[in-house]
Amino acid sequence: MASYYVTTPIYYVNDAPHIGHAYTTITADAIARWKRLCGDDVMFLTGTDEHGLKVQRAASEHDCAPIEWADRTVVRFQEAWQQLDIANDDFIRTTELRHHRSVQQLLQACYDNGDITLQTYEGLYCVSCEAYYTDDELDDGNCRIHRRPAEHVTEENYFFSLSRYEKPLLDWYEAHPDFVVPATKRNEALGFIRGGLQDFSISRTSLDWGIPLPWDRKHVTYVWFDALTNYITAAGYASDDTQFDHRWPGVHLIGKDILRFHCVYWPAMLMSGGVLPPRRVHVHGFLLVGGEKMAKSALNQIAPGDLVDDFGSDGVRHHFLHDQPFGPDGDFSYEAMVARYNADLANNLGNLMSRVATVVARKCNGIGPAPRPDSPLASAVTQCYGEAAEAWERLAPSDALDATWRIIRETNSMLEAAEPWKAEPGPEVDAVLGDALEALRIVAVLASVATPRGCQEVWRRIGMEGSVADQRLPEAANWGGYPGGQPVETGKPLYPRLR
Ligand code: MSP
C-alpha cells in the first residue's frame, strides 16, 4: 500500500488558534481524506511548538511553569481541530519524550558529521519569530513581521554549518523540480540559496526551556531546529526504524512566512543527519483580514470556533477549500462565506438531496430506483471525477470542488428538464430518479473530503450502509454503484439557508 505522510506546521502553543492556522489544517485534512479514499496508507500529523523564549515568558507572566502553561494552552488547538472535524492521525507536542529523543539523535548525527561547532554570536533577535536578523532585514531595528524592536543578544552558541550545504541543496533542487511548489516559491528558495548561505545558531544558553544538547547540557536547542524535527519524530525517527522507512519522506504544507526554514534549513539539517529531505513542500499564501495578516497586535484574529457556530464545520471547511485557492494570498470575507454556503451547500447539494428524496417518496413509495447503465449523466460524472482527482493530486482544492459541484449542477439540470415531480409514476420517472440517486452517491464520496458531515448524511439518507469515508476510489466513482431498492429518507434541510 502506498504511504502518504502529510503535515501541517506545528503551531505556537501559546497563540490562540485563528483561521490562518485553520486554513492550512483544513487543507491538509482534505488531502489526507482524499488519499485515504484512494487507498493510500495515510498519516496526517499536526501539533504544537512548545519550547522557546515566547512560551517561557508567557508562562512566567502567568506565574506558572512553562509545561503547565503549554498543557493549558494546547487544549485550544485540540478543541479547534475537533470542532472542524480534523481527522489527524497523530498530534505531536514538542515537549514529549519521543521528540526529545529524536531531536537529540538528529543533533548528534549532525555533530558527528562535523556540521555543528561552537562560536560566539552577537546579533539582533526577534523573540516573536524566534530568529536572528541582520540590520538590513529589519526596518529601523524593528522586525518586519511583528513590527517590534529586535533585541540585542550576545551568546556562545553552537552553529550549524549551513554554508556547506549550498551545493548539495542546489543539486537537490535541480534533481527534484517539484520539491517546492508553486514554482514562484521554489524560485524564492533558490534565490535565497544562491545568495549565499550563512551558518545559523542552533543552541541557546539564555534560557532553559528547551531540549538540552546531548554533548553540552548547558545549551538548549534552538526552537526552530527543535520544531522542524517534529516531522520525523512522529514518523518514527529514533523510535521505530521500520515505521520511519515506510512513512518518510513526507509532504509538508506551510505558509509562505516559514519558507526559508522548511525549504533551506530543514533539508540541509536532514542531509547532514543522513536522512532524506521531505518529498515535497507546498507553500501557500496568507489569509488576510481587511487586507492585513492576522496578528494578536492587530486585533483582527478570527477564531475558527466562532465561524463553526454560524456555518457548521462543513460550511467553514468548504469555504476555505473552495474560495481560497491554495497558493496566493486571499482576503477573508464573511459575506463570501455566506454566499458560498448558500450557493453550494444550501442550494445545490442540499436542494438536490431534498428534491430527490421528496419525489422518491411521492412517486416511488420511498424506495430508491436503480440508475440507468447508459445514463446521459454517466460520462459527465466520469469526466468530473477525472478532473477532481487530478486537481487533488496537484493540491488545488478549489478546482477539485468545482469539478465535484459540476456533477450536482448537471444532475439538477437533468431533473429540471425531465420534471419527474410532474410525471406519472413509471419507468421514466424511475430512470431519472435512479440516475439522480447515483449522482448523489458519487458526490457524497467525492465531496466527503471537504464536507464530511453532510456527505455522511446524504450517504445514509439514500440508503447506503456504513461510512462514506470507507469507500475506495476509483471504484466508488464508477457509474452504477447505487444498487436501488433501498429506502430513501426525506429529512430536515441538509444545510439550512443562511440570510
Ligand atoms: N511554530 C512555527 C512553525 C514550526 S513548523 C516546524 C510557526 N507557528 S505559527 O503558529 O506562527 O503558525 C505558522 C503557520 O500557520 C503558517 O506557516 C501558516 O501555515 C499558518 N498561518 C498563520 N497565519 C496565517 C494566515 N494569516 N494565513 C494563512 N496561514 C497562516 O510559525
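The rules behind each value
Residues numbered from 1 in each chain as written. Predicted model: local features only at pLDDT ≥ 70, side-chain atom pairs only at ≥ 80, totals over all residues. Heavy atoms only, no water. Helix = DSSP H or I, 4+ residues; strand = E, 2+ residues; numbered from the N terminus. Rg over C-alpha atoms; globule rule 2.2 N^0.38 Å. Buried < 20%, exposed > 50% of the residue type's maximum accessible area, 1.4 Å probe, protein only. Contact = heavy atoms within 4.5 Å. Areas by Shrake-Rupley, 256 points an atom, 1.4 Å probe, with all protein chains shown as cover. Lys, Arg positive; Asp, Glu negative; His and termini not counted. Charge placed at Lys NZ, Arg CZ, Asp CG, Glu CD. Pairing = 2+ DSSP bridges. Axes fitted to C-alpha atoms, helices over the stretch in contact; angles between N-to-C directions. Near = heavy atom within 4 Å. Polar contact = N/O pair within 3.5 Å; in protein donor to acceptor, adjacent residues only side chain to side chain. Disulfide = S-S within 2.5 Å. Expected span 1.5 Å × (residues − 1). Bend = angle between axes of the 7 residues up to and from the residue. Core = buried A, V, L, I, M, F, W, Y, C linked by side-chain atoms within 4.5 Å.

**Q** Could you clarify how one ought to interpret the overall build of the protein chain in this entry?
**A** Each helix and strand counted, the protein chain has 16 helices and 17 strands in total. The C-alpha radius of gyration of the protein chain comes to 26 Å, within 12% of the 23 Å expected for a compact globule of 499 residues. Considered along the principal axes of its C-alpha atoms, the protein chain spans approximately 85 × 45 × 35 Å. Per-residue burial for the protein chain yields a buried fraction of 58% across its 499 residues. By sequence separation, contacts in the protein chain at least 24 residues apart represent 77% of the contacts at least 6 residues apart. Accessible surface computed for the protein chain: about 20,300 Å², of which carbon and sulfur atoms make up 49%. Treating the 46 positive side-chain charges of the protein chain as one cloud and the 69 negative ones as another, the clouds have centres 3 Å apart.

**Q** What am I meant to see in the sheet that holds strand β5 (residues 116-126) here?
**A** The strands making up a sheet are joined through hydrogen bonds of the backbone, oriented either antiparallel or parallel. Across the sheet, four strands lie side by side as β6-β5-β7-β9; this open sheet has antiparallel pairing. Looking at strand neighbours, the two that pair on one side only are β6 (131-133) and β9 (200-201), the edges of this open sheet. Judged from the three bridges that link them, β5 and β6 form a sheet pairing that is antiparallel. The partner of tyrosine 125 across the bridge, within β6, is tyrosine 132. Sheet contacts for helix α10 (residues 259-272): β6, β7 (151-160) and β9; angle to β7, the most-contacted strand, approximately 35 degrees.

**Q** For this particular structure, what's the right way to read the site of the ligand?
**A** As a matter of local geometry, the ligand sits amid 25 residues, with Ile10, Thr24, Asp49, Asp257 and Leu287 nearest to it. Between the ligand and the protein, one listed contact pairs an oxygen atom with a backbone N or O atom of tyrosine 12 at 3.1 Å. Measuring from a nitrogen atom of the ligand, one finds a backbone N or O atom of glycine 20 at 3.2 Å. Compared with its free state, where it exposes 660 Å², the ligand has 96% of that area covered by protein. Of all elements in the fold, only β2 (11-12), α1 (19-37), α7 (223-228), α8 (230-233) and β13 (251-255) reach the threshold of two or more residues within the shell around the ligand.

**Q** Sorry if this is basic, but what is going on with the state of the cysteines here?
**A** Among covalent bonds in proteins, the disulfide is the one between the sulfur atoms of two cysteines. On inspection of all chains with the given rule, the structure shows zero disulfides. Free cysteine: cysteine 129, not disulfide-bonded; nearest cysteine sulfur from cysteine 143 at 3.7 Å.

**Q** What is the right way to look at the side chain of serine 313 in this model?
**A** Tracing the chain through its elements places serine 313 in helix α11 (residues 304-323). In contact with serine 313, other than residues within four places in its own chain, are Gln83, Leu84, Asp85, Val308 and Arg453.

**Q** Any chance you could explain the pairing of strand β12 (residues 216-221) here in plain terms?
**A** Across a regular strand the side chains alternate sides, sitting on one face of the sheet and then on the other. In terms of strand pairing, strand β10 (residues 203-204) meets β12 through two bridges, oriented antiparallel. Looking across to β12, one finds that arginine 204 is bridged to valine 220. In this structure, strand β11 (residues 212-213) lies alongside β12, joined through two bridges in antiparallel fashion. Bridge pairing in β12 links proline 212 to valine 220.

**Q** Would you mind going over α10 with me for this structure?
**A** Working note: α-helix, 3.6 residues per turn, so residues spaced by three or four point in the same direction. Between its terminal C-alpha atoms α10 stretches 19 Å, which fits the 20 Å expected from 14 residues at 1.5 Å a residue. At tyrosine 265, α10 shows its largest kink, close to 35 degrees, and the proline proline 267 lies no more than four residues downstream. Counting buried residues along α10, 12 of its 14 residues qualify, which places the element largely inside the surrounding structure. When we look at burial in α10, the residues that qualify are Leu259, Phe261, His262, Cys263, Val264, Tyr265, Trp266, Pro267, Ala268, Met269, Leu270 and Ser272.

**Q** Explain the pairing of strand β3 (residues 41-49) here, please?
**A** Most of β3 sits out of view: eight of its nine residues are buried. With four bridges joining them, β3 and strand β4 (residues 90-93) adopt parallel strand pairing. Residue threonine 46 lies in a different strand from β4, and its bridge partner there is phenylalanine 91.

**Q** Can you walk me through the nonpolar core in this structure?
**A** Note that soluble globular proteins tend to have their nonpolar side chains buried in a common cluster. By size, the foremost hydrophobic cluster in this structure holds 102 residues, and its most contacted members are Trp34, Trp81, Val316, Phe320 and Leu473. The element that contributes the greatest number of residues to this core is helix α15 (residues 427-447), accounting for 13 residues. Tryptophan 34 has contacts with Tyr385, Ala389, Trp392, Glu393, Leu446, Val449 and Leu473, leaving out every residue within four places of it along the chain. Counting residues in hydrophobic clusters, the runner-up holds 71 residues, among them Phe160, Tyr231, Ala235 and Val264.

**Q** Please explain α11 as it appears in this structure.
**A** The end-to-end C-alpha distance of α11 is 16 Å, clearly below the 28 Å that 20 residues give at a rise of 1.5 Å each. At phenylalanine 311, α11 shows its largest kink, close to 110 degrees. Judged by how many residues are buried, α11 sits mostly within the fold: 15 of 20 residues are covered.

**Q** Could you clarify how one ought to interpret the sheet that holds strand β16 (residues 292-293) in this entry?
**A** The strand order β16-β15-β17 describes an open sheet built from three strands, whose pairing is mixed. Edge strands, defined here as strands with exactly one partner in the open sheet, are β16 and β17 (330-331).

**Q** Even after reading the chapter, I still don't get unusual backbone geometry, so can you show me in this structure?
**A** In terms of backbone geometry, most residues other than glycine have negative phi values and most peptide bonds are trans. With an omega of 5 degrees, the peptide bond between tryptophan 248 and proline 249 qualifies as cis. Locating proline 249 in the fold gives a position in the loop between α9 (241-247) and β13. Proline 474 follows leucine 473 through a cis peptide bond whose omega is 5 degrees. Within the secondary structure, proline 474 is located in the segment after α16 (452-461). A positive phi angle is found at aspartate 85, which is not glycine, with a value near 55 degrees. Relative to the helices and strands, aspartate 85 resides in the loop between α3 (66-83) and β4. A relative accessible area of 17% places aspartate 85 in the buried class. Of note in the backbone geometry, aspartate 140 takes a positive phi value of approximately 50 degrees without being a glycine.

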